[in-house]
Every structure is written in C-alpha cells, then in structure tokens.
Amino acid sequence: MDNKQVVLEVIAEVAGRPLSDLTPTTELVAGLNLDSSKALQLLIELEERLDIEIDDEQVGRLKTVGDVLAAVDAVAA
Amino acid sequence: MAKTFYLVNPAAETPTYFGAEVFEHWGLRPATNIADLAMTTVAALAPADWDISMVDEHSAPVDYDIECDFVGITGKVTQVPGMIRVADEFRRRGRTVIFGGPFASLSPDVVRSHCDVLVIGEIEGIAETLFADLDSGDYLSEYVAERPDLSNSPIPRWDLYKNDRALTGCIQTSRGCPFECEFCDVIVYLGRKQRHKPVENVIAELESLYALGYRQIFLADDNFTAYRKKATAILEALRDWQLEHADDPVGFSTQVSIDVAKDDKVMALLGEAGVTWVFIGIETPNVESLKETHKRQNLGVDLVTQVDRFFEHGIQVTGGMIVGFDNDKHDIFRIQYEFAQRTPIPIFSLGALVAPAATPLHERISAAGRLIEDAPEVQGSPLDTNIVPVNMSGAELRAGLDWLVNKIYSPEAFADRVVQMIERLGPQRGPFRSGRITNRTGRDIDSDVPLMLKKLMRTGKAERRMWLRIYQAMQARPETEPMVMAAMYGYGQVRCVYDAGQLWEPVLAQQPPPFVGAAEGEGGEGQAAVASAGA
Ligand code: SF4
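Quick caveat, the model's predicted, so the values are computed rather than measured. (Residues numbered from 1 in each chain as written. Chains lettered and ligands numbered in written order. Predicted model: local features only at pLDDT ≥ 70, side-chain atom pairs only at ≥ 80, totals over all residues. Heavy atoms only, no water.)

### Details of the overall build of chain A
Piece 1. In terms of regular secondary structure, chain A is built from 4 helices and 0 strands.
Piece 2. Helices and strands in chain A line up, N terminus first, as α-α-α-α.
Piece 3. Computed over C-alpha atoms, the radius of gyration of chain A comes to 11 Å, within 12% of the 11 Å expected from 2.2 N^0.38 for 77 residues, which places it in the range of a compact globule.
Piece 4. Judged by the C-alpha coordinates and their principal axes, chain A covers about 25 × 25 × 20 Å.
Piece 5. Out of the 77 residues belonging to chain A, those deemed buried represent 48%.
Piece 6. Here the analysis covers contacts within chain A between residues at least 6 apart in sequence; of these, 52% occur between residues at least 24 apart.
Piece 7. About 3,900 Å² of surface is accessible on chain A, with carbon and sulfur atoms providing 46% of the total.
Piece 8. The distance from the centre of the 6 positive side-chain charges to the centre of the 16 negative ones in chain A is 7 Å. (Helix = DSSP H or I, 4+ residues; strand = E, 2+ residues; numbered from the N terminus. Rg over C-alpha atoms; globule rule 2.2 N^0.38 Å. Buried < 20%, exposed > 50% of the residue type's maximum accessible area, 1.4 Å probe, protein only. Contact = heavy atoms within 4.5 Å. Areas by Shrake-Rupley, 256 points an atom, 1.4 Å probe, with all protein chains shown as cover. Lys, Arg positive; Asp, Glu negative; His and termini not counted. Charge placed at Lys NZ, Arg CZ, Asp CG, Glu CD.)

Spelled out as structure tokens, the structure:
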C-alpha cells in the first residue's frame, strides 16, 4: 500500500468517515470534526504506521486532507 | 517627564505542576499556563502617561538592554532565585529595581538587599502614594500597604501582555480565605476576611480577555466558593454571559474547598456557568494529619464521595496531596496511592509538606527545633522540604515520595484514573454540549497541545498503551474530550516536572509500597526495601 492510501485510511478511520468523504480540500476541523484528541491520534497513527516523524512546523499548518498528504510526502521522501 | 516602567515576571527556577514548561521541554516555543495577573494589575495602577512594557520570562526572554526608569519585579516562592537573578542584573546596569508580590511581602528580609524599593502587601493599598513618589523622584526604600478594598480594582492591562503564549486567561474575583490551614501562606498575605470584586468588574475583565482570544479562564481566587452568596452572584452572572456567547463559550477553572460539594445549588451553578475544572486541597486521607493541620473543611466527610460530586456535575478535579505531616507514618505512601486510585482525579499536585515563611506551621516547627534552616521552601523539587519529620527520617520521607510519584503517575495508574473519570463524568449542564468543538479562535498555543503530547507518547510503549486505553474509553463518551485533553496536558507537565527534577524512575512503580512490614518508628527494613528498589 502506498503512503497516500495509508494516510487516507488513517484519516478516515480516526474521523470515523468513509474514504469516499475525503478529498484533498476536505478540512480537518470544519469538515471532519477532528478535535484535539483525534488530531493527536491521527499523528500517532501516521507516525507509527509509516515510521516517520512529522515536523513540528508542519503540524501547525495542517488544515486539510491535502496538507496531511503533503506533510507525509515531505518527510517520507 | 513621564516615566518608563518595565515589569518582569521571572521564570520559576524549576518547572511546577501548574506551569507550562512542558512545551519548551519538547522543543516547542516556550509558553505559560496561566497569564500573569500581577504585572498586568500593576500596569493598570500606574499613571496613565507612563510608558509601560512587560515580560513574562516563562514565555519570552528578559530584555536587559531596555531603557527604563524603573524595573518592577514580582514573584512567588518558586520564583525567588529568578527574582534575585533578574534584579541583580538590572541593578548592575544601573536600573532602579522595585520588588513586590507575595514572596517579597512574606519574606522581605530575603529580598530587601536586592532591590531599591520594596513594596510589602497588596499594591492597590499603596499605589497612589507609591506612583506619585516614583513620579517625583522622591521615593522611599520601603512601602507597606494596607489591605485594599477590591471594588475599585482597575481592569488589568492585558493589552501589554504576551497573550499568544498563555494557555489560560486569569481573573481574580476575590482575595483571602476564611479557613486556617496551618501551612497556608495565602491567609498570611491576603487575610482570612475575603474581599470581593463587584460582579460588573468581573464581567468587564472577562470581556477584555475574551476579546483577546482566551477561551479558558482561571478564576484566581484562593477559595472561590468560601462565601456562597458572593460566589452565587458571580456564577449567575457568568452563566448569563455564557448564554450570550453560546456559540463560542469559555471554560472556567478555579480553586474551591471540598465543603462546597455539599451545596447542591452552588454545585449546579458551577456547572451551568461553565466551570469545568477545580483545584481542591485534599491533602491527605489521614484524619489525624488533617486535624493536625487544621484542615477542618476536609474532616467528617468521605473525601472520595465528595470528590465524586464534582465529577457528577461535569467538573474535573485536580487534588493537592501532601505527605510528611507529623501524624504520617510509614504506611502513608501506600495509603495515599490507594486513595488516589479510588478517585477519578487525573492530576494530583503531590509533594512534601513544607513550612512557608510567616505561617503558623513555620513558627511551630521552628519552635520545636525541626526547621531545616536554609532549606528551600518549595523552589526546588516538589519533594524537598524544610521540615524534619517526626515518624520517619528525612531520607525515608524522600524515598517514600520517590516511590509515590512514580507509582501514581505510572502510565497504568494514570490511565486507570482517567478511564474512571471518563466513565463517571456527569453530563455538562453548562455551555458545553456533547461532541462540540469549542475554542474557535485557533490560537497557536492550543494546537501545540496535541503536538506536545505526540512527543510524550513517543517516549515509550507504556505511554502509547496508556493513550490508546484512554482514547478508546473516550470513544464511548466523546463529550468528555475536552476534560480528557486537559488531563493529558496536565500529565505532560507532571512528567516535565519529574524529568527536570530527575525524579522519573519508572522502575519504582513496579516495586511494592516501601516500608511494608516496617515497625512504626523504626523503618530500617523499609529503607532497605527502597534502597534495593532503586538499585
Ligand atoms: S482552604 Fe486553601 S486558601 Fe484557605 S486556608 Fe486552607 S490552604 Fe489556604
């Protein structure tokens, strides 16, 4: 499974939504209702499953599903 | 000519339970937990034409090159080394330094030689004279303030404060507490007759913090519910204010004594007003120790049941826990641990009994020849004390505390308490409804909390398991999320306190309680048990 697929699955799982709900412009807070605990769970799951560490600076800028994909790409590259 | 005035709130020398050093600890930008009310209040009392700036050293460095006529430094006992360090450096550079605040008022002899002007007591009581003298250049080296009436308190100058790195805003609605706990320096400094701000002032201060983006506000009263009538009036006003801000409400926190749990009306109002967190000085389940320390409000009730009442009303409790009373014996460490685990309280501010200067306890211990001179009061580790214990040696007290902190905050024990909290929290009656995301202001510091916790979770498998257990329990009750995250933040800060003090020794949590089987008053066997546990 490629990274993109893993990221989308983790977001869908943590948000409790079907994969089909996710587009790159879907907002994490307004669109998926990701509160602080879900944001934390999302970060932990992504880092564990992909064996990466997302940069602090990047985390503050994660507003959409597309931002998460880009952040993972940046560290996994 | 108008004067320039630089106010400094020096950093605590080591992290404290209610601080926010955890952000810097994990490589994030420094921050403070509760915004500093002392500097902002002093700034509001200074002449309108003075040019005032301020720094909270918890979130930004002190500017020693600043051009100013006066440097004002405040601080509590945990900040004393910082107060002296900052003052000495400014005086070396020829600046005029003014000291005030709780520590300077309670221990003037310790700080007098480090400042040019010493203000003893609450500054409102002397502000007019003090600032007029400073303005004229003809000032005294010491001012002693009368206890002021709070009805004319100005709105603190939050516009001058670094609000973007403070988690919680701060309003004080009253000062003083009618109780008489033997170790308490608050009542020495602020008195036992509680003085109150008018409700309109409280609401005006709330508005000013709200406009700056704060959605968590600490009501910095020594005992918010001591006078039920006043507390009721303020809570009703807060409840009504929340109704007008229902789309983006504020979570309040405060300090109360446990006796309020018996008052159904006030308890319900606390929830309705949006109070989501309270600190209670529980101290100990040892009745003899409670009697010894005159904590009468904790006597004659089942503490666990009373604590539960808060959770039933949707309010999280943080408990003060103290070990080292004269009536504490070797089994106190086990007793405190078992007590903690019977409650849903996630965070205890756990430490050794200390005798702060000017308190009745200090006087009694000193008279008994059991005061350790020159020992830190509470500046260092929370496990340090300036008292020679009665029923055990100082080394045993310390060894027992080392075990207790590691046991109570082992990831397993912490998860047990938080899961209990999730299960026991009653429905929110106030502005916070099920599943809602509050705090829409999107301040950086708020998004730093999950980031900090992510780093903590990377420290070990036990921490990761702890979080997973808590997260899974929370899925059944998603409305408890803000409470859980507040507890998690508290856990992060506790671990920072213990890391900084080199107290975190997870292996101790795997050991049985220390001194099991030790004959009271001997403790030799117990000492051996702890010594081997630490090896
Ligand atoms: S209840 Fe709290 S503030 Fe009041 S005297 Fe006791 S320790 Fe001090």
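### So, the overall build of chain B
Piece 1. Looking only at helices and strands, chain B has 20 helices and 15 strands in total.
Piece 2. The C-alpha atoms of chain B give 23 Å as radius of gyration, which agrees with the globular expectation for 535 residues (24 Å, within 12%).
Piece 3. By principal-axis analysis of the C-alpha atoms, chain B measures approximately 70 × 55 × 45 Å.
Piece 4. Counting every position in chain B, which comprises 535 residues, the buried fraction comes to 62%.
Piece 5. Restricting to contacts in chain B with at least 6 residues of sequence separation, those with at least 24 account for 78%.
Piece 6. The centroid of the 52 positive side-chain charges in chain B is displaced by 6 Å from the centroid of its 75 negative side-chain charges.

### A closer look at the pairing of strand β1 (residues 4–9) of chain B
Residue and element names in this part refer to chain B.
Piece 1. Within β1, 5 of the 6 residues are buried, leaving the element largely enclosed by the surrounding structure.
Piece 2. Both β1 and strand β3 (residues 51–56) contribute to a ladder of 6 bridges, which runs parallel. Looking at the pairing, N9 lines up with D56 of β3.
Piece 3. Bridge count between β1 and strand β4 (residues 70–73): 4 bridges; the pairing is parallel. In the strand pairing of β4, L7 is matched with G72. (Pairing = 2+ DSSP bridges.)

### Some details on the interface of chain B and chain A
Piece 1. Contacts between chain B and chain A engage 20 residues on the former and 20 residues on the latter.
Piece 2. Both sides of the chain B and chain A interface together cover about 1,700 Å² of buried area, and 57% of this is carbon and sulfur.
Piece 3. In this structure, the connection of chain B to chain A is made through 6 salt bridges.
Piece 4. Between K454 of chain B and E47 of chain A there is a salt bridge, with its nearest N and O atoms 2.5 Å apart.
Piece 5. Applying the counting criterion to the chain B and chain A interface returns 10 residue pairs in polar contact (both at pLDDT 80 or more).
Piece 6. Those elements giving two or more residues to the side of chain B that touches chain A turn out to be α17 (444–457), α18 (461–476) and α19 (481–500) of chain B.
Piece 7. Across the side of chain B that touches chain A, the residue classes break down as 12 nonpolar, 3 polar and 5 charged. (Buried area = accessible area lost by both parts, 1.4 Å probe. Salt bridge = Lys/Arg side-chain N within 4 Å of Asp/Glu carboxyl O. Polar contact = N/O pair within 3.5 Å; in protein donor to acceptor, adjacent residues only side chain to side chain. Nonpolar A, V, L, I, M, F, W, Y, C, P; charged D, E, K, R; others polar.)

### Considering the site of the ligand
Piece 1. Taken together, the residues surrounding the ligand are C177, F179, E180, C181, C184, I187, D222, K295 and Q297 of chain B.
Piece 2. Looking at the shell around the ligand residue by residue, the classes come out as 5 nonpolar, 1 polar and 3 charged. (Near = heavy atom within 4 Å.)

### A few points about the pattern of salt bridges
Piece 1. Tallying each qualifying case throughout the model produces 46 salt bridges over all chains.
Piece 2. Where E312 of chain B meets R309 of chain B, a salt bridge forms, and the shortest distance between an N and an O atom there is 3.6 Å. Of the two residues, E312 of chain B and R309 of chain B are both situated in helix α12 (residues 303–312); the distance of 3 residues between them amounts to about one turn of the helix.
Piece 3. Judged by its relative accessible area of 42%, E312 of chain B is partly exposed.
Piece 4. Bridged by salt links that share partners, the residues E13, E45, E48 and R49 of chain A together with R464 of chain B form one connected network.

### Observations regarding the side chain of T32 of chain B
Residues and elements named next belong to chain B.
Piece 1. Within the element layout of this structure, T32 appears in strand β2 (residues 32–34).
Piece 2. Residue classification places T32 among the buried positions, given a relative accessible area of 7%.
Piece 3. Apart from the residues lying within four places of it in its own chain, the contact partners of T32 are A20, D56, H58, S59, Y161, R165, A166, L167 and I445.

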